[in-house]
Every structure is written in C-alpha cells, then in structure tokens.
Amino acid sequence: MTAFQSVAVIGAGAWGTALATVAARAGRNVTLWARNAEHGARIASTRDNPRLPGIRIVPEIVVTSDLALAARADMLLIATPAQHLRGAVNMLASHITKAVPIVACAKGIEHGTHKFMTDVIAEAAPHAQPAILSGPSFADDVARGLPTAVTLAASDEALASSLVQALGSPTFRPYHSTDIRGVEIGGAAKNVLAIAVGIAIGRKLGASAQAALTTRGFAELTRLGRALGARRETLTGLSGLGDLILTCSSPQSRNFALGLALGRGEQPPAGKLAEGEFTAPVLIELAASQNIELPVSEAVASILSGRSTIDAAISALMTRPFKAEE
Ligand SMILES: NC(=O)C1=CN([C@@H]2O[C@H](COP(=O)(O)OP(=O)(O)OC[C@H]3O[C@@H](n4cnc5c(N)ncnc54)[C@H](OP(=O)(O)O)[C@@H]3O)[C@@H](O)[C@H]2O)C=CC1
Ligand SMILES: O=C(CO)COP(=O)(O)O
C-alpha cells in the first residue's frame, strides 16, 4: 500500500495528460486539473485532449478545473511550462494545508530569477515537499504505454522512493535519487542542446556532426552541472545523458523539430512548446555567473535572438582554438 494513493496533475497539456495516464496505470486515484474550465469540460466529456491527440483518457481519471479539489490529493505533479510553474504553485499554495509532495515535471529555469523548478516550488509553497521528475519520455510514447525509465529526485531519499512506488508500473520505471539539482540541470540543458542538433541536421551537416555536437553538448551540460554541485552519475543517468540522447536524435522532440526548421530556413512548427527557446538565454546567464563556458548553448541563444546567423554560429564553433578534450 502506497502512502500516496491519490495523485493530482496540474496542467492538462501533453505531458500532464500522459502523467495522469501513468498514475492511473500505477493504480492511483487520479485528478487532472485544467486551468481553462471549458477546455477541462471538453476533455472530461470527449476523453480526448487535443494537446495529446489519439490518446483515450480512461474514465477513472477525474478531469476538473476545481483547484481546491485537485489540491486535496496526497501528491501533486506540476506539468505546466517551466515559466508558468510559479503561477500554478502560487494558486495551489492557498489550498495546501499539509506537507504534500509537489513534483515538478517541467523542464527549464525561471527567467529573471535563474531559479530551478524545485526552488520555485519551495518559495511559492513553503510547506510543500519539492521533488523533480525528468528523463527520456515523450508524452505520446508514455501515454501509449511504451516503456521508459526516468529519474525522480527529492532531498529525502525515503520520500523519493515512496513517490517512485506511487508512480511506477511495468511500463514506467522511475529510479529514485536525492540529486535534485543534477536532475534539473539535465532536463533544462538538453532542450537547448536539442535545438542545436536539430539545426545541424536541418543544415544537412550529417550524422557525424550530430554525434559530435551531442557529445560536446554533453560536455558542457556536465561542466555546468559539476559547477552547480550535480553528481556525475546523475549527469550520465536517465535525466542527463539519457534525455539528451533522446531529444538530440528524434524529430518527435519539439526542441529538435524547432532546430530542424531553423536549419532548413523554414517556419518553426506553430503552437508547439519548445522549452529550449526560453531556457537558452537563462542557461547562458547562469553559466556566465559561474564563469562556465557553454559554446553550443551560447550559439543557440545567439541564433534565437538574431544576434548571429546559423552559418556564422557554426563557423564560430568550428574555429574555436584547439584544446584538450575535457
Ligand atoms: N510533452 C512531452 O513529451 C514532455 C514535456 N515535458 C515538460 O512538461 C512541460 C509541459 O509541456 P507539455 O505538456 O508538453 O506542454 P503543452 O503545451 O502540451 O501543455 C502545457 C499546458 O500547461 C497549461 N498551463 C499553462 N500555464 C498554466 C498555468 N499557469 N497553470 C496551469 N496550467 C497552465 C496549458 O494550459 P492551456 O491548455 O489552457 O493553454 C497547457 O495545457 C514542459 O516543461 C516540458 O518540457 C517533460 C517531459 C515530456
Ligand atoms: O522532454 C521530452 C522528452 O524527454 C520532450 O521533448 P520535447 O519537449 O523536445 O518534445
């Protein structure tokens, strides 16, 4: 018997819907909260979410826009975009009376504050127990019951392990960790790096460039992670290298797809959330504050902001001074 029988997912987008399905599959009583009442009512009646088309939402999942109802759950998963996580937790905070675990499922870093998701939760809901879930997991794959493994971190190992028990199933395998920061850095940085690799593929630079760029991207993710106290095994684990490999190799990734379109000189896909676009400028500000060089992420940020053309950014990366590999 789990300590967390009821689960509420805040944010009824692609990932929130997939996570509600995961929790239902694990045997939990699930509430999926949509901020827009009309949107929520439509999902509740059709059992279909246009943000995750083709996935049938089982009748056992309660879809609501009543936040007080959702906040009564034993554990809460926040699946809004990263820049909206604070707003969502602020709204929840007034309904939270006990030390409920709040698991950040967004991947990013807050603009302006440079805060990671669990820090935002700790500030917005001081009584809650922040945790983070991240790893190689496309919403569509996960909702269909295709297998994957992810990392779930909380500062208290027993809590992280209990949360894993509550969400895990034969198709969704979370590993527990206490390295919150390591998990957060991997999830945020890989989206920026996936844009870079998408650009390279869109520019027809070839499979060798794809592998080289992914590897050098991993080197910079590791450099920043180590400077911020992340553990090496987290960075080489599911939420770091694992998610980087997935996102840098598949056009199913919205970040990779954004890069692909930019590299081809096409319009980026409309209405698709690509978190790397928002994370890139914050990531390089954060790295600069630590005196860490992130050349690939800096190239992405300068392309996205229009400070550099794609060809100039590629040339600048390839003509950096030769150095030892580290
Ligand atoms: N999709 C995926 O495969 C995965 C996504 N993630 C991460 O999950 C996060 C969400 O992504 P995803 O679900 O794909 O994005 P979507 O664009 O599909 O959905 C985002 C959802 O968040 C809702 N939302 C926005 N602001 C708020 C708010 N203030 N309060 C409550 N809900 C809000 C939106 O509501 P509305 O519909 O009303 O606009 C929408 O339903 C991102 O950080 C992403 O990186 C992580 C792993 C996998
Ligand atoms: O985080 C993800 C897979 O782990 C989803 O990637 P995209 O947001 O790039 O689609």
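Quantities reported herein were computed from a predicted structural model and do not represent experimental measurements. (Residues numbered from 1 in each chain as written. Chains lettered and ligands numbered in written order. Predicted model: local features only at pLDDT ≥ 70, side-chain atom pairs only at ≥ 80, totals over all residues. Heavy atoms only, no water.)

1. A closer look at the overall build of the protein chain
Next up, step 1: Across its full length, the protein chain holds 15 helices and eight strands.
Next up, step 2: Along the longest, intermediate and shortest principal axes, the C-alpha atoms of the protein chain span 55 × 40 × 35 Å.
Next up, step 3: Burial analysis of the protein chain (326 residues in total) assigns 55% to the buried set.
Next up, step 4: A total accessible area of about 13,900 Å² is found for the protein chain, and carbon and sulfur atoms account for 55% of it.
Next up, step 5: A gap of 3 Å separates the mean positions of the 29 positive and 26 negative side-chain charges of the protein chain. (Helix = DSSP H or I, 4+ residues; strand = E, 2+ residues; numbered from the N terminus. Buried < 20%, exposed > 50% of the residue type's maximum accessible area, 1.4 Å probe, protein only. Areas by Shrake-Rupley, 256 points an atom, 1.4 Å probe, with all protein chains shown as cover. Lys, Arg positive; Asp, Glu negative; His and termini not counted. Charge placed at Lys NZ, Arg CZ, Asp CG, Glu CD.)

2. Here's the deal with the site of ligand 2
Next up, step 1: Every residue lining ligand 2 is accounted for by Lys 107, Gly 135, Pro 136, Ser 137, Phe 138, Lys 190, Asp 243, Leu 246, Thr 247, Ser 253, Arg 254 and Asn 255.
Next up, step 2: Here Lys 107 contributes a side-chain N or O atom positioned 2.7 Å from an oxygen atom of ligand 2.
Next up, step 3: Taken atom by atom, the bulk of ligand 2 overlaps the largest pocket.
Next up, step 4: Elements supplying a minimum of two residues to the shell around ligand 2: helix 11 (238-247) and helix 12 (254-264).
Next up, step 5: For the shell around ligand 2, the element with the most residues is helix 11, which contributes three residues.
Next up, step 6: Taken together, the residues of the shell around ligand 2 break down into three nonpolar, five polar and four charged. (Near = heavy atom within 4 Å. Polar contact = N/O pair within 3.5 Å; in protein donor to acceptor, adjacent residues only side chain to side chain. 1 Å grid on protein atoms, 1.4 Å probe; cavity = no way out; pocket = protein on both sides within 12 Å on 5 of 7 lines; lining within 4 Å. Sits in = over half its atoms within 2 Å of the grid points. Nonpolar A, V, L, I, M, F, W, Y, C, P; charged D, E, K, R; others polar.)

3. Thoughts on the UniProt feature "binding site: sn-glycerol 3-phosphate" (unreviewed entry) in the protein chain
Next up, step 1: Using the residue numbers shown here, the UniProt feature "binding site: sn-glycerol 3-phosphate" (unreviewed entry) corresponds to Lys 107, Gly 135, Ser 137, Lys 190, Asp 243, Ser 253, Arg 254 and Asn 255. Restricting the annotated residues to those that line the largest cavity leaves Lys 107.
Next up, step 2: Within the secondary structure, Ser 137 is located in the loop between strand 6 (129-134) and helix 6 (139-143).
Next up, step 3: Exposure remark for Ser 137: the relative accessible area of 10% places this residue in the buried category.
Next up, step 4: Side-chain polar atoms of Ser 137 contact the backbone oxygen of Gly 135, separated by 2.9 Å.
Next up, step 5: Within the fold, Asn 255 resides in helix 12. (UniProt positions renumbered as here; feature names shortened; annotations may be inferred.)

4. Notes on the UniProt feature "active site" (unreviewed entry) in the protein chain
Next up, step 1: This chain's UniProt record puts "active site" (unreviewed entry) on Lys 190.
Next up, step 2: By the secondary structure assignment, Lys 190 is in helix 8 (residues 180-202).
Next up, step 3: We classify Lys 190 as buried; its relative accessible area is 6%.
Next up, step 4: Excluding residues that lie within four positions of it along the chain, Lys 190 makes contacts with Lys 107, Leu 221, Asp 243, Leu 244 and Thr 247. (Contact = heavy atoms within 4.5 Å.)

5. A look at the packing of helix 8 against helix 9 (residues 207-227)
Next up, step 1: Two elements in contact, helix 8 and helix 9, have axes separated by 10 Å at closest approach and are oriented at 155 degrees. By the criterion of interaxial angle, the relationship of helix 8 to helix 9 is roughly antiparallel. Seen from above, helix 8 lies across helix 9 with right-handed handedness. Residues Ile 185, Gly 186, Ala 189, Lys 190, Leu 193, Ala 196, Val 197, Ala 200 and Ile 201 of helix 8 lie in contact with helix 9, whose contacting residues are Gln 210, Leu 213, Thr 214, Gly 217, Phe 218, Glu 220, Leu 221, Leu 224 and Gly 225.
Next up, step 2: Partitioning the contact of helix 8 with helix 9 into residue classes produces 11 nonpolar, five polar and two charged. (Axes fitted to C-alpha atoms, helices over the stretch in contact; angles between N-to-C directions. Parallel < 35°, antiparallel > 145°, perpendicular 65-115°, else oblique. Left-handed = near helix turned anticlockwise from the far one by under 90°.)

6. Some details on the confidence of the model for the protein chain
Next up, step 1: For the protein chain, per-residue confidence averages 97 on the pLDDT scale, and 100% of positions sit at 70 or higher.
Next up, step 2: In the predicted complex, the global pTM is 0.98; the interface-specific ipTM is 0.99. (pLDDT = per-residue confidence, 0-100.)

7. Looking at the site of ligand 1
Next up, step 1: In the vicinity of ligand 1, 24 residues are found, and the nearest of them are Trp 15, Arg 51, Ala 139, Arg 254 and Glu 275.
Next up, step 2: A distance of 2.9 Å is found between an oxygen atom of ligand 1 and a side-chain nitrogen or oxygen belonging to Arg 35.
Next up, step 3: In this structure, an oxygen atom belonging to ligand 1 sits 3.3 Å away from a side-chain N or O atom of His 39.
Next up, step 4: In isolation ligand 1 exposes 900 Å². Once the protein is present, 90% of that is buried.
Next up, step 5: Judged by the fraction of its atoms near the pocket grid, ligand 1 is located in the largest pocket.

8. Focus on the sheet that holds strand 5 (residues 101-104)
Next up, step 1: Taken in spatial order, the eight strands line up as 3-2-1-4-5-6-7-8 in an open sheet, and their pairing is mixed. Across the chains shown, the open sheet's two edge strands, defined by having one partner strand only, are strand 3 (62-64) and strand 8 (172-177). Taken pair by pair, the neighbouring strands of this sheet meet at an average axis angle of 25 degrees, ignoring direction.
Next up, step 2: In this structure, strand 1 (residues 6-10) lies alongside strand 2 (residues 29-33), joined through five bridges in parallel fashion. Residue Val 7 lies in a different strand from strand 2, and its bridge partner there is Val 30.
Next up, step 3: On top of the sheet, helix 8 reaches strand 6 and strand 7 (148-154); it is set at about 45 degrees to strand 6, its chief contact. (Pairing = 2+ DSSP bridges.)

9. Section: the layout of surface pockets
Next up, step 1: Its volume calculated, the largest pocket comes out at about 1,400 Å³.
Next up, step 2: Forming the boundary of the largest pocket are 46 residues, of which Gly 13, Ala 14, Trp 15, Arg 254 and Leu 273 lie nearest the centre.
Next up, step 3: In terms of residue class, the lining of the largest pocket is made up of 22 nonpolar, 15 polar and nine charged.
Next up, step 4: The volume enclosed by the second largest pocket comes to roughly 720 Å³. (Points joined across faces, edges and corners; volume = space filled by probe spheres on them.)

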